[in-house]
Amino acid sequence: MLLVAAAITQFHRRIVPSKHFLLLLHRRRCFSSPAVEQPAMGAAYPRDESYLENVIPRRIALFESIQNQQRLHRLSLSPDPIQIELPNGTVKEGKKWNTTPLDIAKEISKSLASNALIAKVNGVLWDLLRPLESDCKLELFTFDSDEGRDTFWHSSAHILGESLERKYGCKLCIGPCTTRGEGFYYDAFYGDLGLNEDHFKGIEAEAAKAVSEKQPFERIEVSRQQALDMFSDNRFKVEIINDLPEDKTITVYRCGPLVDLCRGPHIPNTSFVKALACLKASSAYWRGDKDRESLQRVYGISYPDQKRLKEYLKLLEEAKKYDHRELTKKQELFFFHPLSPGSCFFLPHGARVCNKLLEFIRGQYWKRGYEEVWSPNMYNMQLWETSGHAANYKENMFVFEIEKQEFGLKPMNCPGHCLIFDHRVRSYRELPLRLADFGVLHRNEASGALTGLTRVRRFQQDDAHIFCRESQIKDEVKGVLEFISYVYKIFGFTFDLKLSTRPERYLGDIETWVKAEAALSEALDEHGKPWEINEGDGAFYGPKIDISVSDAMKRKFQCATLQLDFQLPQRFNLSYSAEDESKRERPVMIHRAILGSVERMFAILLEHFKGKWPFWLSPRQAMVCPVSDKSQSYALKLRERMHDAGYYVDVDTSDRTIQKKVREAQVAQYNYILVVGEAEATSGQVSVRVRDKPDHQVMTIDDLLAHFKDMVASFQ
């Protein structure tokens, strides 16, 4: 780290901001929001002018002081020649501490230089304007890559933070891109102010100014003390700094008047963000702790052009129409009650869908060699101490005392499955052993994080754990990938695959990790679907394959999981007898889920199908509509026969007209509307109408049941 002791001393003197900042501050006052808006806002929340006029200039002065010292230091370093290898094998010449990734982009093409957002140097994300320090492998990314998009949205969060700090004098907390991979947010402390959509126009106007000023994202490295001095007026940043490991390199970024604690990296400057919009505002707790300060979170989205922003906002409006929390009101599928927050009540029609999903997965388990088990919901905390969850996950568990001993509701099935494996001596002949469990899980999510069915406290998973030998890893992983492909094709999902490799902090020896990563790589190659490496993002206990699903509205979700685990078998001292019965070997554990949370998958499918369930999954497969009272008895017999065949069929016995009955059945999303009059009753036939089609055809009951059977068998 480049350190300058004089910078701290200088900070404590009277600091005069640079001419550049004073000019920027003057411009900001000239372009401030209209006076008519300010009194109302001031009444709701008096802006801390002292904070804006003293603290921010002081931070900037310290930033510039350290930055100047570090630039001088770099100039004193020898600009030795270095070689920069590109992904295609081409080698470019450069100078240490001088050549930047942007320089290389310019050598390749003008177009790349104009569109590149971020680089990767020897696998580490790197600012385009940050000088290279040695021979390296260089990759360049645009907005069309995950790396480019995530960096773009992270930098947009800084633009949003700048706007919020300038407009409200708030204390900024954290501002990342979202884990879902769509946009960004910034948490900040505003005192008693609650933000809503009425504030967005003013926030977006401030952001537009930052973009128009083409503010560069500048990076410095600081000592812990420098960071504490720089952010001494923001207790949230101070807490973050104090919690950083002693050996952690601390970096600070600046764009315009915003100086922010951030590990980066960032796009070259604010002008790349041509289109930015605020999406929503909500409350959040500092560090997710309900006993801590209440913050305001503003979500945003941004793009390199207005066209893409308009397309996204249009898609968002469409998604709102099909929000699962709205669709359930029309279809009576589920509800929540304040007496059991985060725990869903599935009504009969909702339970039908859940049961169909579980039956579908159970049918696949039968074909694919899985054994279903039932395991307890509640365990003594000794189990979670053995597994490591007590140390790392206890705050997310429901823990209570029984007969002076501590117990916890299970948040996951894996430790219980280790007990099942270990309850008797195992032989290599039993492996791979695939244990599946639909047991109920509980996780103590913060009340503010609960979101319909997508974030709940009580849920079920199509959870399974495969115990196998190291030599079996590849084939088992291939089997799981094929299982995922089969299920998601039926749902109409597309998905992306990423191999997440060994992180900085990991358990076990490197040799085992290398073998495991090689096995996963081979399995992915043989599976045949394109995949990417996600360097250093594996779990601490083993590498994993991340599966990102895209639905009909192009939204991304993570549902399926596939993770290798060397640590739980070791923690539970699991073993099996090898070919030589005197020799004991340790199994490898594969965690996997296809649907993931059944509740979450229910919500995703409901929105994906826009409320129009396919026949095989539908809770309302057919409605029989008698034309008059004369054909009602025939309608009831028809319903009884179809019900006995295993289909969800209802009869409309109301006195409404046949046109009204058909329309009501269409609105209620019945897949088939079966109209019967005196002619059908006499001939033993039925007039069949498909949900969204105006035409109809007359069929015998046997032919209709055969058609229904084919629809279910082909998952239509």
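Refer to the structure printed above.
Now for a quick tour of the structure. (Residues numbered from 1 in each chain as written. Predicted model: local features only at pLDDT ≥ 70, side-chain atom pairs only at ≥ 80, totals over all residues. Heavy atoms only, no water.)

On to the sheet that holds strand β18 (residues 405–409). Two orientations exist for strands paired in a sheet by backbone hydrogen bonds: parallel and antiparallel. With antiparallel pairing, the 3 strands of this open sheet are ordered in space as β16-β18-β17. Sheet topology places β16 (378–380) and β17 (399–402) at the edges, where each strand pairs with a single neighbour. Adjacent strand axes in the sheet meet at a mean angle of 40°, parallel and antiparallel pairs treated alike. Sheet topology note: the β17/β18 ladder contains 4 bridges and is antiparallel. Of the residues in β18, the one forming a bridge with Ile 402 is Gln 405. (Pairing = 2+ DSSP bridges. Helix = DSSP H or I, 4+ residues; strand = E, 2+ residues; numbered from the N terminus. Axes fitted to C-alpha atoms, helices over the stretch in contact; angles between N-to-C directions.)

It is worth spelling out the sheet that holds strand β9 (residues 250–255) at this point. Pairing within the open sheet is antiparallel, and its 3 strands lie in the order β8-β9-β10. For this open sheet the edge positions go to β8 (218–222) and β10 (258–261), each flanked by a neighbour on one side alone. When strand polarity is set aside, the average angle formed by the axes of neighbouring strands in this sheet is 25°. With 4 bridges joining them, β9 and β10 adopt antiparallel strand pairing. Bridge pairing links Val 252 to Leu 261 in β10.

Under the definition given, this model contains 48 salt bridges. With a shortest N-O distance of 3.9 Å, Arg 224 and Glu 246 are connected by a salt bridge. A residue pair is termed long-range when its members are at least 10 positions apart, and Arg 224 in helix α9 (residues 224–230) and Glu 246 in the loop between α10 (235–243) and β9 qualify at 22 residues. Given the relative accessible area of 70%, Glu 246 is considered exposed. (Salt bridge = Lys/Arg side-chain N within 4 Å of Asp/Glu carboxyl O. Buried < 20%, exposed > 50% of the residue type's maximum accessible area, 1.4 Å probe, protein only.)

Counting residues in hydrophobic clusters, the biggest one holds 60 residues, and the most contacted among them are Tyr 488, Phe 491 and Ile 545. In contact with Ile 545, other than residues within four places in its own chain, are Val 477, Leu 481, Leu 497, Lys 498, Leu 499, Leu 520, Leu 524 and Leu 562. (Core = buried A, V, L, I, M, F, W, Y, C linked by side-chain atoms within 4.5 Å. Contact = heavy atoms within 4.5 Å.)

Another aspect to go through is the packing of aromatic side chains. One pass over the full model with this rule turns up 37 aromatic pairs. Connected via pairs of aromatic rings, a cluster forms that spans Phe 360, Tyr 486, Tyr 488, Phe 491, Phe 493, Phe 495, Trp 616 and Phe 715. Sitting over the face of the ring of Phe 483, Arg 368 holds its NZ or CZ atom 4.4 Å from the ring centroid. Above the face of the Phe 421 ring, Arg 426 is positioned so that its terminal group lies 5.5 Å from the ring centre. (Phe/Tyr/Trp six-rings, centres within 6.5 Å; stacked < 30°, edge-to-face > 60°. Lys NZ or Arg CZ within 6 Å of the ring centre and 35° of its normal.)

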